[in-house]
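# Structural characterization, general
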Amino acid sequence: MACVRVCPADAVAVEGAQVRIVDEACVRCGLCVPACPHDAIEVTGDVPRTLELALSGRAALILSVECAVYFYPSTPEQVVNACYAVGFRMVHRGVLGDELVAREYLSLWADEGWGTLIRSTCPVIVETVRTQYPELIPYLAPVATPIAAEARYLKQMYGPETPVVYAGVCITEGGNDVDAAITFAELEGVLKRRGVEVEKQPAYFSRLPEERRRHWSMAGGLPLEVLLEETQASRRFRKVRGMGNLEAIARAVAVDRIDLGFVDILPCEGCLDHPLLGPRDELFRRREIVGATEPARARGPVVEEEVARNVRVAEAFLVHGDGKGPQAEAVEGILGEIGLAPNGKPWDCGACGYASCRAFATAAALGRTTLKSCPPYLDKVARQAQLQAAVDGLTGLATYRVLRDRLATEVARSDRTGDAFAVLFVDLDNFKQVNDQFGHEAGNEVLRGAARECGVHIRTTDLAARYGGDEFVLVLVRTGVDGALGVADKVRGSVEAMGSRLGYPAGLVTVSIGVAEFAPGRAPESEDVLVAADRALYSAKASGRNRVSTGERLT
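Read on for a plain summary of the structure. (Residues numbered from 1 in each chain as written. Predicted model: local features only at pLDDT ≥ 70, side-chain atom pairs only at ≥ 80, totals over all residues. Heavy atoms only, no water.)

### Some thoughts on the overall build of the chain
Summing up its helical and strand segments, the chain has 21 helices and 14 strands in all. Principal-axis analysis of the C-alpha atoms places the extent of the chain at approximately 115 × 55 × 50 Å. Counting every position in the chain, which comprises 555 residues, the buried fraction comes to 48%. Across the chain, the fraction of contacts at a sequence separation of at least 24, relative to all contacts at a separation of at least 6, is 72%. Here the chain displays about 26,800 Å² of accessible surface, and carbon together with sulfur accounts for 51% of that area. Here the chain contributes 62 positively and 74 negatively charged side chains, and the mean placements of these two sets differ by 1 Å. (Helix = DSSP H or I, 4+ residues; strand = E, 2+ residues; numbered from the N terminus. Buried < 20%, exposed > 50% of the residue type's maximum accessible area, 1.4 Å probe, protein only. Contact = heavy atoms within 4.5 Å. Areas by Shrake-Rupley, 256 points an atom, 1.4 Å probe, with all protein chains shown as cover. Lys, Arg positive; Asp, Glu negative; His and termini not counted. Charge placed at Lys NZ, Arg CZ, Asp CG, Glu CD.)

### Comments concerning the pairing of strand β13 (residues 511-518)
Buried residues dominate β13, accounting for seven of its eight residues. Pairing of β13 with strand β14 (residues 548-549), which is carried by two bridges, proceeds in the parallel orientation. Paired with I513 across the two strands is V548, which belongs to β14. (Pairing = 2+ DSSP bridges.)

### Some details on the sheet that holds strand β5 (residues 116-118)
Spatially, β5-β9-β8 is the arrangement adopted by the three strands of the open sheet, whose pairing is parallel. A strand with exactly one partner marks an edge of an open sheet, and here the two such strands are β5 and β8 (237-241). The average angle at which neighbouring strand axes cross in this sheet is 20°, direction not considered. Bridge count for β5 against strand β9 (residues 261-266) is three bridges, and the pairing is parallel. For T116, the partnering residue across the bridge sits in β9 and is G261. (Axes fitted to C-alpha atoms, helices over the stretch in contact; angles between N-to-C directions.)

### Brief notes about unusual backbone geometry
Of the consecutive residues Y72 and P73, the connecting peptide bond is found in the cis state with omega at 15°. Of note in the backbone geometry, D348 takes a positive phi value of approximately 45° without being a glycine. As for its position among the elements, D348 is in the loop between α14 (328-338) and α15 (357-365). You can call D348 partly exposed: its relative accessible area is 39%.

### Re the sheet that holds strand β6 (residues 164-168)
Spatially, β4-β3-β6-β7 is the arrangement adopted by the four strands of the open sheet, whose pairing is parallel. The outermost strands of the open sheet, each flanked by one partner alone, are β4 (90-92) and β7 (180-183). Averaged over all pairs of adjacent strands, the angle between their axes in this sheet comes to 20°, without regard to strand direction. Pairing between β6 and β7: four bridges, direction parallel.

### Let's talk about the packing of α14 against α15
Between α14 and α15, the shortest axis-to-axis distance is 8 Å and the interhelical angle comes to 120°. In this view, α14 runs oblique relative to α15, as classed from their interaxial angle. Crossing hand, α14 versus α15: right-handed. Here α14 contributes A330, V331, E332, I334, L335 and I338 to the contact with α15, which in turn contributes C357, R358, F360, A361, T362, A364 and A365. In terms of residue class, the contact of α14 with α15 is built from ten nonpolar, one polar and two charged. (Parallel < 35°, antiparallel > 145°, perpendicular 65-115°, else oblique. Left-handed = near helix turned anticlockwise from the far one by under 90°. Nonpolar A, V, L, I, M, F, W, Y, C, P; charged D, E, K, R; others polar.)

### Concerning the packing of aromatic side chains
Under the defined criterion, the tally for this structure stands at ten aromatic pairs. With a centroid separation of 5.0 Å and 90° between ring planes, the pair formed by F438 and Y504 is classed as edge-to-face. Placement of F438 in helix α18 (residues 431-438) and of Y504 in the loop between α20 (481-501) and β13 is noted, with a sequence separation of 66 residues between them. Since its relative accessible area comes to 10%, Y504 is described here as buried. What links up through ring pairs into an aromatic cluster is the set Y105, W109, F237 and F262. When the ring centre of W109 is taken as reference, the NZ or CZ atom of R236 above it lies at 4.1 Å. (Phe/Tyr/Trp six-rings, centres within 6.5 Å; stacked < 30°, edge-to-face > 60°. Lys NZ or Arg CZ within 6 Å of the ring centre and 35° of its normal.)

### Some thoughts on the packing of helix α6 (residues 95-110) against helix α8 (residues 146-158)
Remark: α6 packs on α8, axes separated minimally by 7 Å, with the N-to-C direction vectors making an angle of 105°. Our classification of the angle between α6 and α8 gives roughly perpendicular. Only P146, A149, E150 and Y153 of α8 make contact with α6, whose side of the interface consists of V95, L96, G97, D98, L100 and V101. Taken together, the residues of the contact of α6 with α8 sort by class into seven nonpolar, one polar and two charged.

Set out below in structure tokens:
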């Protein structure tokens, strides 16, 4: 399950052939979208609300700069003009939010006493920290995401009742500060529904454009000054990419107490590397397109200080406790069902999509997967099924199927080596009377006792099987008829003694045994050795029971 394997939040639930996303656990990183081989995962925003706000003529749209890539070869000017044509009152490009956040980071950068500071402008990182690494929450920079900051700025500029819509690749941007969020694909659908064709819009701005230049920031709100000041080898600034690094950061900070400096961590190489924009091998192309559309940097600040003064850019991150963690007993129970590998350690094979058996068991305890997705468990069940098919549940002897396979093997070996083998056909003489007089549970006890006595007198290389009902068959390897008669008489005597020990009347619990020998070149090739032993058994029965017979002689 590729989608399970790449999900950092274990938010993919597998139930048989059905796969679903657990919404309350999903951090919206988008990694599962390209990983799904069936293109079955869809990312959806609030399209109805967006249409409603666009038609009202009051809404402000924050259009992520990555739109230049998605709508290419249409130009950003054409995309902005199309958004105005569909009804938005104003269209911003996210630059003001980047500037507000970058200024906040510059203020924090000037204070050298923070030890470890983790970049908090990516909502995916923030949500993953809140849900999986709460020990890192005190180290998150107290700064809002650029889209949230811009939404607050626009509401301060145009009025608190101004609705704000965000269109981009990461629709978790902005959080509760935006009134609706949609993907670029959904924005394209909105434009088509309103009859607006992007490629037919003017190639220049039909309205005076909102601010597109940057002064402090890079895309995503990181200050350019910080990047220029610190090298990649700096101990005060660390660039980290990939969700998997959060575990190492948590260990370094919370366990080893190491000051890491400013940690610039993102799940990917920025929004241009987001899975919804396309494969990673096209990242360079996307960067070139966006770089070609970026205007020159402003010589001074581009945010209005009077407006920015009243905008809250700081953010607080509360510990996320939903109380939905699995019970330890349930997790341990599932681990017990899976079992350990031959080396005595957990399998941790990753075939289920999870990194370890414990991670799988945790997800299973939460109802996000089942043991049907665990190959070691399925192998264990298959082995148990084979064992059940090979062992009679009541007596513990081999089943009829195993007996037939073993007889075929012994015949082939005997033909090859010239060694004889013998078969004993054992039948309880008065088993129906035991059931009728003492009950079926007593009959089961007699069957189990007779099976034990059959097993006591044979070697480990021999076979004892339950043929059916109250009949047993013993296969004695490399044994002639004389040796088989000795074993048969011991079995007969021990079963009779067992009946006496159990308190049954004398002569009630006894067996008759037919003995046959398979000897290559001497036995008739057309006669089955099991049939010969069965005929000998009838001879013993006809002679008064509690007998051993070869069909030719009785003992």
